[in-house]
Amino acid sequence: MMTWLQENMPHVIKMGWDGQAGWGTAIYATLYMTVISFIIGGVMGLLGGLFLVLTGPRGVIANKWVYQVLDKVVSVFRAIPFIILLALISPVTRAIVGTRLGATAAIVPLSLAVFPFFARQVQVVLAELDGGVIEAAQASGANLWDIILVYLREGLPDLIRVSTVTLISLVGETAMAGAIGAGGLGTVAVAYGFNLSREDVTLVATILILLLIFTIQFAGDFLTRKMSHR
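Residues numbered from 1 in each chain as written. Predicted model: local features only at pLDDT ≥ 70, side-chain atom pairs only at ≥ 80, totals over all residues. Heavy atoms only, no water.

(A) Geometry of the overall build of the protein chain. The helix and strand inventory of the protein chain stands at 11 helices and 0 strands. Projecting the C-alpha coordinates of the protein chain onto the three principal axes gives extents of approximately 70 × 45 × 25 Å. For the protein chain, with 230 residues in total, the buried portion stands at 42%. Partitioning the intrachain contacts of the protein chain with sequence separation of at least 6 by distance along the chain shows that 69% fall at a separation of at least 24. Carbon together with sulfur atoms contributes 67% to the accessible area of the protein chain, which is approximately 12500 Å² in total. (Helix = DSSP H or I, 4+ residues; strand = E, 2+ residues; numbered from the N terminus. Buried < 20%, exposed > 50% of the residue type's maximum accessible area, 1.4 Å probe, protein only. Contact = heavy atoms within 4.5 Å. Areas by Shrake-Rupley, 256 points an atom, 1.4 Å probe, with all protein chains shown as cover.)

Spelled out as structure tokens, the structure:
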């Protein structure tokens, strides 16, 4: 097996596991960017989606101005292509982390890309919940925090589903960020593979990205089914 790899994928073997351009380093950078960006952007998106529903026309704390401002912010950020967002907020990225390059710097634009996408997904999920459940909670004297918990509990299966979609989209964006210097499998596929005409490196990097996406999809589908039948 090793002989076959050395003959057919020499550049893949030569890159090794460790070092700046190693496979282990690239995989770690991709996972690091994906997980941290999803945590930061996901929390922002969850709060944004919740408040879009709560302050909306039929929300329990309806507020026209708050809703319109938040809705416009989400719409504007969601409309900006990620590659442009990377360049647009580069001064902000430098101010926060001290550089515009590397995996840590990529977390800033990645989080901002996750926020509007996830917020809109959360809004759709929560807005489609049975209004009778919320009305029953209000009638029983539930406060705002209790109602938020009702929303999250009732919408949990669909929230897991849209989280899966968001994570898969985020993996694609980490690859895009990697292609312009953020590191990770995107950098390997483009900088060390395509740009140097090393097709074997591009192929393996692509396969690893696909494996990560399939793993996320499998885990998300499993959790969605489990929560739906609890």
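Next, the rest of the story.
(B) Local environment of the pattern of salt bridges. Within this structure, the stated rule accounts for 3 salt bridges. For the salt bridge of Asp-158 with Arg-161, the shortest nitrogen-to-oxygen distance reads 3.3 Å. Of the two residues, Asp-158 and Arg-161 are both situated in helix α9 (residues 144-182); the distance of 3 residues between them amounts to about one turn of the helix. Looking at Asp-158, the relative accessible area reads 34%, which means it is partly exposed. On the accessibility criterion, Arg-161 (40% relative accessible area) is partly exposed. (Salt bridge = Lys/Arg side-chain N within 4 Å of Asp/Glu carboxyl O.)

(C) Region of the structure containing the UniProt feature "transmembrane region" (unreviewed entry) in the protein chain. Those places that UniProt annotates as "transmembrane region" (unreviewed entry) correspond, in this numbering, to residues 21-53, 65-89, 101-119, 175-194 and 201-220. Taken end to end, residues 21-53 comprises 94% helix and 0% strand; its first and last C-alpha atoms sit 45 Å apart. A distance of 29 Å separates the end C-alpha atoms of residues 201-220, which is 100% helix and 0% strand. (UniProt positions renumbered as here; feature names shortened; annotations may be inferred.)

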